[in-house]
Structure formats: structure tokens, C-alpha cells
Amino acid sequence: MTTAVETPSAVIDRVSLVLDAFDGPGRLTLAQIVRRTGLPRSSAHRMLERLVALRWLRRSGRDYELGMRLVELGSLAVHQDRLHRAAIPLLHDLHRATGLVVHLAVLDGSDVVYLEKIGDRMVAAIPTRVGGRQPAHCAAVGKAMLAYNDEADAVDLATRKTRYSISTPAQMRDELVKVRARGVAFDREESLAGFGCVAAAIGAPGDAVAAVSVCGPMSRMAFDQRLAAPVRMTAMGIWRDVEDRVAPTLQQARPLQRVSA
């Protein structure tokens with residue numbers, strides 16, 4: 001007799017079915033979850049106990065309820081959604097002012113994850129995408145956030161995107177000191193040959209919940225106040241809107257002046 005092996009998709013479907021059973025207030029017993037999902041009692045029990053171990057659910061006696069890990073993920077999703085909505089109009093302003101590709105990113109462990117990418121014909125030349133990842137130490141947005149992150153020393157420097165990528169702890173420490181001193185991070189062909197970026201952290205002073213950057217061919221980049229100033233102003237504007245929880249379309253933000261490199 002052979003035992004059927006569930007595919008990853010089937011497992012995910014069953015987890016989703018169990019979690020959907022908690023669509024409403026209150027706790028549920030195993031019997032209630034079995035009735036709501038239609039799963040065999042033994043399968044439902046094994047899945048519930050595994051989800052408890054992962055902190056997706058919490059067990060109190062014989063009852064189950066949503067766990068803290070789901071609360072944490074939900075809070076993060078709400079925060080990132082508010083951040084994204086606040087950022088969109090200012091990112092478009094920054095693109096119009098500089099003519100460069102604009103990124104919004106967050107830090108996830110040793111990687112950056114891109115939440116938004118805005119540009120025109122140059123977009124295709126830069127192989128980043130919304131939802132895509134990149135080693136944080138190779139990207140300006142990553143260095144902008146790592147400069148204010150306690151876990152910066154744990155970043156894996158083994159991955160190099162180009163010959164200019166940071167590869168030693170000493171280089172990393174020196175670079176982050178410079179980022180904190182000037183308030184912006186630079187990427188000079190460290191993530192993509194022939195291209196550079198200027199980034200600033202978004203968050204309260206000395207903190208970083210995200211970062212914004214402008215990127216383009218090295219011939220169009222200015223690693224000074226011509227780009228540093230508008231990028232920092234955009235980062236501060238986004239954080240102000242996030243803190244105020246005001247719909248950014250209602251903000252009368254002063255348009256950025258177009259930058260001439």
C-alpha cells in the first residue's frame with residue numbers, strides 16, 4: 001500500500017483552508033474547524049498543532065485562535081501598504097525632477113525587497129522588479145538602511161554583483177560610517193556595471209523602515225547634493241506623510257525642481 005504524498009500546492013491549500021476558518025472573532029475547537037473545513041479530524045489536528053508550533057495559531061486548552069506571528073505579519077503588511085501609498089506621488093515627483101529610475105525598498109534580512117519602481121525608457125535597462133530581491137550591501141537602498149540597523153554586522157558579504165561590490169567587513173563598516181555622516185548612500189557600479197544610485201533612508205532620525213533611491217547610467221549620475229538633496233527631501237516627505245497618516249493626495253507638497261547633472 002502506497003501513501004500519497006501531498007504536493008506543496010496541496011499543503012498550502014489546506015493551510016489556507018484552516019486559517020480561513022478563523023474569519024471572525026473568537027476561538028474555535030477542533031470539532032468546529034473540522035466542520036468548517038471538511039478536513040479529516042486527524043489531518044486537521046496535525047495541521048493545527050504544527051501551526052501552533054510556528055506561532056501562526058495559539059492554543060488555549062482545547063481552543064485555537066490566531067497567533068502572534070499572523071498579527072506581526074498583518075501589522076507589517078498594513079505598515080508597508082501605508083508607506084507605499086504615501087510614497088507613490090512623491091516618487092513620481094522625484095522621477096520627474098531627476099529623469100532617473102526611482103526605487104522604494106525595505107530591508108528583509110540580508111536582502112532588500114523592492115516595493116516600487118518608477119521610470120521610463122531606462123526601466124528595462126535596470127534589472128530590478130517590484131517584489132524582487134537584491135543583496136543589501138550591493139545596493140544604495142540597502143546601505144542606506146543598514147547604516148541604521150543593528151544587524152548590519154550579520155550581512156553575508158559573500159555575494160558580489162560586480163567587481164566593485166563591498167566584499168569585506170572593514171569595507172562595510174567604513175561605508176556605513178560615510179552613509180551616516182552624509183545622510184545618503186551611493187552605489188557606484190556595485191550592483192550593476194555602468195549604473196549608479198543615490199539613496200536615503202525613510203524613518204525617524206537614526207532609524208530606517210525603508211529607503212528611496214534614484215538610479216541611472218553613470219554618465220547621468222551626480223554623487224553630490226544635486227541628487228542627494230532631492231532624494232533626502234523625498235525620503236523625509238514620505239516619512240512625514242506616513243507619520244501623519246494623511247492621504248498623500250491631500251498634501252500640498254512643493255514640486256521638486258528638475259535636476260541638471
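Please refer to the structure placed before this passage.
Residues numbered from 1 in each chain as written. Predicted model: local features only at pLDDT ≥ 70, side-chain atom pairs only at ≥ 80, totals over all residues. Heavy atoms only, no water.

Mind showing me how you'd approach the pattern of salt bridges here?
A pair can form between side chains of opposite charge whenever their charged atoms are brought close. Here the structure, examined in full by the defined rule, presents ten salt bridges. In this structure, arginine 96 and aspartate 93 form a salt bridge, with 2.4 Å as the shortest nitrogen-oxygen distance. In this pair, arginine 96 and aspartate 93 are both assigned in helix H4 (residues 68-98), three residues apart and thus about one turn of the helix distant. Among the residues examined, aspartate 93 registers a relative accessible area of 19% and is labelled buried. Salt-bridge contacts for arginine 182 lead to glutamate 175; the nearest nitrogen and oxygen are separated by 3.6 Å. Since its relative accessible area comes to 27%, arginine 182 is described here as partly exposed. Given a relative accessible area of 13%, glutamate 175 falls into the buried group. Salt bridges sharing common partners tie together Lys143, Glu175, Arg182 and Glu190. (Salt bridge = Lys/Arg side-chain N within 4 Å of Asp/Glu carboxyl O. Helix = DSSP H or I, 4+ residues; strand = E, 2+ residues; numbered from the N terminus. Buried < 20%, exposed > 50% of the residue type's maximum accessible area, 1.4 Å probe, protein only.)

Where do I start with helix H6 (residues 169-182) in this structure?
It helps to recall that an α-helix has 3.6 residues per turn; residues three or four apart then point in one direction. If you check H6, its first and last C-alpha atoms are 20 Å apart, about what 14 residues at 1.5 Å a residue would give, namely 20 Å. Taken together, the buried positions of H6 are occupied by Met172, Glu175, Leu176 and Val179. Here the buried residues of H6 occupy an arc of 100 degrees about the axis, which is enough to place them on one side. Looking at the packing, one finds that the buried side of H6 touches helix H5 (140-146) and strand E7 (185-188). Glycine 183 occupies a position one or two residues after H6 and carries a positive phi of about 80 degrees. (Expected span 1.5 Å × (residues − 1). Arc of directions from axis to C-beta. Contact = heavy atoms within 4.5 Å.)

So what exactly am I meant to see when it comes to the pairing of strand E2 (residues 57-60) here?
Working note: regular strand, side chains alternate between the two faces of the sheet. In the sheet, E2 pairs with strand E3 (residues 63-66) via four bridges, with the strands oriented antiparallel. Bridge pairing links leucine 57 to leucine 66 in E3. Where E2 folds back on E3, the antiparallel hairpin that results is connected by two residues, among which glycine 61 adopts a positive phi of roughly 65 degrees. (Pairing = 2+ DSSP bridges.)

Just to check I follow, could you spell out the sheet that holds strand E9 (residues 210-217) for this structure?
Hydrogen bonding along the main chain pairs the strands of a sheet, whether they run parallel or antiparallel. Read across the sheet, six strands follow the order E6-E5-E4-E9-E8-E7 without closing on themselves; strand pairing throughout is antiparallel. Both outer strands of the open sheet, strand E6 (133-135) and E7, are each paired with one neighbouring strand and no more. The sheet shows a mean angle of 30 degrees between the axes of neighbouring strands, direction not considered. Packed on one face of the sheet, helix H7 (residues 225-244) meets strand E8 (195-202) and E9 and runs near 35 degrees to E8. (Axes fitted to C-alpha atoms, helices over the stretch in contact; angles between N-to-C directions.)

Hey, could you run me through the packing of aromatic side chains in this one?
The description of an aromatic ring pair rests on the distance of the ring centres and on the angle between the ring planes. Summed over the entire model, instances satisfying the criterion amount to one aromatic pair. Residues phenylalanine 186 and phenylalanine 223 carry aromatic rings whose centres are separated by 5.3 Å and whose planes lie at 70 degrees to one another, so their mutual orientation is edge-to-face. Of the two residues, phenylalanine 186 sits in strand E7 while phenylalanine 223 sits in the loop between E9 and H7, which places them 37 residues apart along the sequence. For phenylalanine 186, a relative accessible area of 6% translates into the label buried. The ring of phenylalanine 223 has arginine 188 lying over it, and the distance from NZ or CZ to the ring centre is 4.6 Å. (Phe/Tyr/Trp six-rings, centres within 6.5 Å; stacked < 30°, edge-to-face > 60°. Lys NZ or Arg CZ within 6 Å of the ring centre and 35° of its normal.)

Looking at this model, I keep getting lost on the layout of surface pockets. Mind explaining?
The gaps of empty space that remain are located by a probe, the size of a water molecule, rolled over the atoms. In this model, the largest pocket occupies a volume close to 320 Å³. For the largest pocket, the lining is made up of 14 residues, of which Ala201, Gly203, Ala204, Pro205 and Met236 are closest to its centre. Within the residue set of the lining of the largest pocket, elements represented by two or more residues are E8 and H7. Here the lining of the largest pocket takes four residues from H7, the largest share from any one element. Per-class residue counts for the lining of the largest pocket are nine nonpolar, three polar and two charged. The calculated volume of the second largest pocket comes to roughly 250 Å³. Among the secondary structure elements, those contributing two or more residues to the lining of the second largest pocket are E6, H5, E8 and E9. (1 Å grid on protein atoms, 1.4 Å probe; cavity = no way out; pocket = protein on both sides within 12 Å on 5 of 7 lines; lining within 4 Å. Points joined across faces, edges and corners; volume = space filled by probe spheres on them. Nonpolar A, V, L, I, M, F, W, Y, C, P; charged D, E, K, R; others polar.)

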